[in-house]
Amino acid sequence: MDTASSAAPGTTPTPTARHRRKVATAAALASAVEWYDYFVFGIAAALVLGHAFFPSGSQVAGVLAAFATFAVGFLARPIGGVIAGQLGDKRGRKPMLVLALTLMGLATTGIGLLPTYDTIGIAAPILLVTLRIVQGIAVGAQWGGAMLMATEYAPEGKRGLYGSLVQLGVPIGVVTANTVFLVAGAVVGDEAFATWGWRLPFFVGILVLILAWYIHTRVEETPEFRAAERQLAAAEKEAGDRRSPLRSILRHHLGTVLLAGGSFAVNTATFYILITGVLDYATRELAMQRTAVLTVSLLVSLTQLALIPAAAALSDRVGRLRIYTLGAVGLLVWAIPMFLLIDTASLVWLAVGTFITSCFLSIMYGPQAALFAELFSAEMRYTGASLGYQISAVLGGGLAPFLMVLLLEASGTSMAVSGYIMLLSVVALGSIAVLAKRARRAAAEEAPAAAVPATPPRPAE
């Protein structure tokens, strides 16, 4: 075992550097494969699922139906966050992460095996929606577990950097999903891809089950949870009842959860507009080549592998909220220029527009895991952080591609989508301002207390 063994009874041994790295790597891999499975659905929804599972006389109607199914997964994410948060704050981070990975692996593989509407009729879209709900529950449960495994093992002063390793799962998942779709399309050809080739990327989901087994057998619970678990067990024994992290969050910290969700909704919305909405818009409305647009998305996502940890490391030095605010301001300012560039239907300007947007997304996403973890104490952190993140996913990411198609159809201009991003940016900046004010007030309250000498303990009777 890698953890130190010389700790006194009743204390939590200090993890070695090697063990910290092993846990951080496992958490990052868990995030990457989970997001790969989740994003594969989004890409397929933009390209083929509308025709295969929701046949209609209108191409737009088929795309809307596929994107609605995509959004269902986001509506299910808070359910996964609540269930895993409750159990994760009581039983541990690791068991919930393993469960989430197992659910995701089974659901994604099931989608790859699912018969289409032409084969089994109305049962096909019903089963597709059901499996998408399972995917949503799984990813809602996964993020909190992976994030806390990384941040609660982080050494002093590096929580942002360690948390960003889990955040890297998003660009890794996007890159991998796009790559697999590109390879599948190139190998089997357009006609075969539309009939059966699109299934191949979903079968990669079986690898998630292997990773779940590895984490279950080789990774230990976090030191912070073990320390909190002992303290809470003693308190519960004295009180004679079981605690409820969800009840504590809803009673005393609901405002913090909503502010966290409001601060991040613009990030999730813009991200899914880029990887899913723009893919549909560029290929269907602007008549750009599918392979070329996927390649641009892949290359842009690769740049996030450097930008996300850089932003997180900087937040360890200058503060989370400062870096976070910079990203939100950037999205507000760049929302209109981004679509002006995309509307040129030039591959080069598409790359420029989405790359700059991706930079601002990375600036926010890098420190987000550590920021959300630090908003809540260890005994309710899984529940609180997960709820905040999944609320932002529902408000932003889940509906974004669907709303983008509706806005484009209703207005006839992409500037309506820019307005949607700008509105969410204003909400984010307002939420960040309130969080910053609370942080300053808490720091001011702690300062006088720290200056007063601690009261010496009374002698034992």
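Residues numbered from 1 in each chain as written. Predicted model: local features only at pLDDT ≥ 70, side-chain atom pairs only at ≥ 80, totals over all residues. Heavy atoms only, no water.

**Q** With reference to specific residues and values, describe the overall build of the protein chain.
**A** Helix and strand content of the protein chain: 19 helices and 0 strands. Here the protein chain holds 461 residues, and 56% of them are scored as buried. Contacts in the protein chain between residues at least 24 apart in sequence constitute 85% of all its contacts with a sequence separation of at least 6. Carbon and sulfur atoms form 67% of the exposed surface of the protein chain, whose accessible area is close to 18900 Å². (Helix = DSSP H or I, 4+ residues; strand = E, 2+ residues; numbered from the N terminus. Buried < 20%, exposed > 50% of the residue type's maximum accessible area, 1.4 Å probe, protein only. Contact = heavy atoms within 4.5 Å. Areas by Shrake-Rupley, 256 points an atom, 1.4 Å probe, with all protein chains shown as cover.)

**Q** Describe in detail the environment of Gly92, supporting the description with residues and values.
**A** Of note, Gly92 is situated in the loop between α2 (59-91) and α3 (93-113). What makes Gly92 buried here is its relative accessible area of 0%.

**Q** Could you give me a rundown of the environment of Gly160, with the residues and numbers involved?
**A** Tracing the chain through its elements places Gly160 in helix α6 (residues 159-167). Among the residues examined, Gly160 registers a relative accessible area of 0% and is labelled buried. Spatially, the C-alpha atom of Gly160 lies 6.5 Å from that of Ser315, the residues being 155 residues apart in sequence. Aside from chain neighbours lying at most four places away, what touches Gly160 is Ala312, Ser315, Asp316, Arg320, Gly366 and Ala370.

**Q** Tell me about unusual backbone geometry, and please be specific about residues and values.
**A** Leaving glycine out, the prevailing phi sign among residues is negative, and the prevailing peptide bond configuration is trans. A positive phi angle, close to 60°, is found at Ala287, a residue other than glycine. Relative to the elements of secondary structure, Ala287 occurs in the loop between α13 (254-285) and α14 (290-318). Positive phi, normally seen in glycine, also occurs at Ala345, with a value near 60°. Residue placement: Ala345 occurs in the loop between α15 (320-342) and α16 (347-374).

**Q** If you had to explain the nonpolar core to someone new, which residues and values would you point to?
**A** Formed by 109 residues in total, the largest nonpolar core has its most connected members in Phe39, Leu49, Phe53, Tyr272, Ile273 and Phe372. Leu49 has contacts with Phe41, Ala44, Phe54, Ala66 and Trp198, leaving out every residue within four places of it along the chain. Ala30, Met149, Ala150 and Tyr153 belong to the second-largest nonpolar core, a separate cluster that totals 17 residues. (Core = buried A, V, L, I, M, F, W, Y, C linked by side-chain atoms within 4.5 Å.)

**Q** Describe in detail the pattern of salt bridges, supporting the description with residues and values.
**A** Opposite charge on two side chains permits pairing when their charged atoms draw close. In this structure the tally under the stated criterion is 4 salt bridges. For Arg284, the salt bridge is made with Glu285, and the minimal N-O distance between the two is 3.0 Å. Take Arg284: its relative accessible area is 19%, and that puts it in the buried class. Salt bridges here are not isolated pairs; linked through shared partners, they connect Asp280, Arg284 and Glu285. (Salt bridge = Lys/Arg side-chain N within 4 Å of Asp/Glu carboxyl O.)

**Q** Break down the packing of aromatic side chains for me, with residues and values.
**A** If you walk through the whole model with that rule in mind, you get 9 aromatic pairs. When the ring of Phe264 is compared with that of Tyr365, the centres are 5.7 Å apart and the planes differ by 20°; the resulting orientation is stacked. With Phe264 in helix α13 and Tyr365 in helix α16, the pair connects residues that are 101 residues apart, well separated along the chain. Relative to Tyr272, the ring of Phe271 lies with its centre 5.1 Å away and its plane at 85°, an arrangement referred to as edge-to-face. (Phe/Tyr/Trp six-rings, centres within 6.5 Å; stacked < 30°, edge-to-face > 60°.)

**Q** Describe in detail the packing of α6 against helix α7 (residues 169-188), supporting the description with residues and values.
**A** At a minimum axis distance of 5 Å, the contact between α6 and α7 shows a crossing angle of 25°. Accordingly, the angle class assigned to the pair α6 and α7 is roughly parallel. Packed against α6, whose contacting residues are Leu165, Val166 and Gln167, the element α7 presents Gly169, Val170 and Pro171 at the interface. Classifying every residue of the contact of α6 with α7 by side-chain character gives 4 nonpolar, 2 polar and no charged. (Axes fitted to C-alpha atoms, helices over the stretch in contact; angles between N-to-C directions. Parallel < 35°, antiparallel > 145°, perpendicular 65-115°, else oblique. Nonpolar A, V, L, I, M, F, W, Y, C, P; charged D, E, K, R; others polar.)

**Q** A description of the confidence of the model for the protein chain should follow, citing residues and the corresponding values.
**A** Averaged over every residue, the pLDDT of the protein chain is 82; residues scoring 70 or more account for 89%. Here helix α11 (residues 223-239) stands out as the element of the protein chain with the lowest mean pLDDT, 60, in contrast to α15, whose mean of 95 is the highest. Here residues 1-10 scores under 50 on pLDDT; set against residues more than four positions off or in separate chains, the count is 15 contacts. Low confidence marks residues 454-461, where pLDDT is under 50. Its contacts with residues over four positions away, or in another chain, come to 0 contacts. (pLDDT = per-residue confidence, 0-100.)

**Q** A description of α6 should follow, citing residues and the corresponding values.
**A** For an α-helix, the turn length of 3.6 residues means that residues three or four places apart are oriented alike. Where burial is concerned, most of α6 is hidden: 7 out of the 9 residues are buried. Among all positions of α6, only Arg159, Gly160, Tyr162, Gly163, Ser164, Val166 and Gln167 are buried.

**Q** I'd like to hear about the packing of α6 against α14, residue by residue, with values.
**A** Any two packed helices are characterised by the angle at which their axes cross and by the distance between the axes. Running from N to C, α6 and α14 point in directions that differ by 160°, and their axes come no closer than 7 Å. Put simply, α6 runs roughly antiparallel to α14. The element α6 and its partner α14 pack so that their crossing is right-handed. For the pair formed by α6 and α14, the contact residues are Arg159, Gly160, Leu161, Ser164 and Gln167 on the first element and Ile308, Pro309, Ala312, Ala313, Ser315 and Asp316 on the second. For the contact of α6 with α14, a count of residues per class yields 5 nonpolar, 4 polar and 2 charged. (Left-handed = near helix turned anticlockwise from the far one by under 90°.)

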